Amino acid sequence: GAGRFAGRRILVTGAGKGIGRVAVAMLAAEGAEVIAASRAPDDLASLAAETGCRIHAVDLADAAAAAAMAEAALPVDALVNNAGIAELAPFVDTTAEMFDRIMAVNARAPMLVAQVVARDWIRRGVKGTIVNVSSIASLWGTPDHAAYGASKAALDSLTMTMAQELGPFGIRTNSVNPVVTLTPMAERAWSDPAKAGSMLARIPLRRFAQPEEVASVIAFLLSDAASMVNGAILPVDGGFTVA
Ligand code: NDP
């Protein structure tokens with residue numbers, strides 16, 4: 001096929017809904033052969049019908065299952081660690097169980113999946129590229145997002161270490177850090193109009209992101225146009241982090 005990603009195999013996690021789903025459609029439309037990994041089987045079935053992607057149902061909270069999914073997806077040329085969960089609670093009410101659940105999906109799984117992929121690239125001499133989907137919650141003290149913010153800060157730290165250790169092999173790793181993006185996750189976290197209003201007032205562009213506006217930055221970072229970009233923590237936030 002034609003397009004920026006013709007002939008490239010790209011693994012996208014959390015592909016069933018939201019940002020991941022839009023990214024799969026965008027990458028497939030630009031020629032990529034996408035392997036979509038997510039949890040709900042019905043989301044995956046409809047995504048395969050819409051985009052022609054390959055699918056893999058997996059619960060990334062299970063460390064062994066996450067690594068096995070990545071092994072089964074090989075060989076790939078690029079990886080998008082997009083799957084993530086948010087559970088909101090005031091800091092003082094954040095439980096150990098909540099913290100562990102969020103860390104397992106948002107930080108541990110991206111590490112485990114990327115390890116499998118990177119080992120294979122190093123072995124074969126492939127200069128692959130990885131995008132980790134983080135959040136502005138890693139950079140800002142987001143109310144009620146203690147565990148979530150910690151998990152995304154952990155993910156940004158992984159991005160920096162991966163950029164450092166994998167860079168010498170020609171492997172690039174970057175984070176995209178979106179502000180509130182209009183997906184099912186954001187509907188759960190930001191449906192309170194008072195909360196949404198005060199957040200919007202802090203975003204210089206005065207609006208939330210559309211999933212397409214995050215997916216297009218993921219695609220840019222995966223593309224050869226970003227060939228010198230490695231270890232970036234890239235806000236996609238309408239100016240939120242500098243306001
Ligand atoms: P959604 O909740 O809309 O979609 C997330 C997708 O990831 C779903 O398909 C979900 O599957 C899948 N997923 C979640 N947990 C697992 C798991 N354990 N194993 C496999 N798949 C899983 O989220 P968004 O699209 O909004 O978010 C995508 C990424 O962007 C996340 O990392 C999120 O933290 C980040 N982000 C989102 C923002 C927002 O405002 N929306 C802002 C900043 C960052 P299922 O539904 O079947 O569980």
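Since the structure is predicted, the reported quantities are computational estimates derived from the model, not experimental observations. (Residues numbered from 1 in each chain as written. Predicted model: local features only at pLDDT ≥ 70, side-chain atom pairs only at ≥ 80, totals over all residues. Heavy atoms only, no water.)

Asker: Give a detailed account of the packing of aromatic side chains, specifying residues and quantitative values.
Answerer: This structure, assessed with the given rule, holds 1 aromatic pair. One cation-aromatic arrangement involves K195 over W190; the distance from NZ or CZ to the ring centre is 5.0 Å. (Phe/Tyr/Trp six-rings, centres within 6.5 Å; stacked < 30°, edge-to-face > 60°. Lys NZ or Arg CZ within 6 Å of the ring centre and 35° of its normal.)

Asker: Let's hear about the packing of helix α4 (residues 96-124) against helix α5 (residues 146-166): which residues, and what values?
Answerer: Contact geometry for α4 and α5: axes closest at 8 Å, N-to-C directions at 15°. With respect to each other, α4 and α5 are oriented roughly parallel. Considering how the two elements wind past one another, α4 and α5 form a crossing that is right-handed. Along its contact with α4, which presents F99, I102, M103, N106, A107, P110, M111, A114, A118 and I122, the element α5 presents A147, Y148, A150, S151, K152, A154, L155, L158, M162 and L166. Here the contact of α4 with α5 is composed, by residue class, of 17 nonpolar, 2 polar and 1 charged. (Axes fitted to C-alpha atoms, helices over the stretch in contact; angles between N-to-C directions. Helix = DSSP H or I, 4+ residues; strand = E, 2+ residues; numbered from the N terminus. Parallel < 35°, antiparallel > 145°, perpendicular 65-115°, else oblique. Left-handed = near helix turned anticlockwise from the far one by under 90°. Contact = heavy atoms within 4.5 Å. Nonpolar A, V, L, I, M, F, W, Y, C, P; charged D, E, K, R; others polar.)

Asker: How would you sum up the pairing of strand β3 (residues 54-57)? Please name residues and give values.
Answerer: Relative to β3, strand β2 (residues 33-38) is paired through 4 bridges, and the arrangement is parallel. Bridge assignment links I35 to a residue of β3, and that residue is R54. Chirality of the crossover, the property in question, places the unit of β2, helix α2 (residues 41-51) and β3 among those that are right-handed. (Pairing = 2+ DSSP bridges. Right-handed = clockwise from strand over helix to strand, strands pointing away.)

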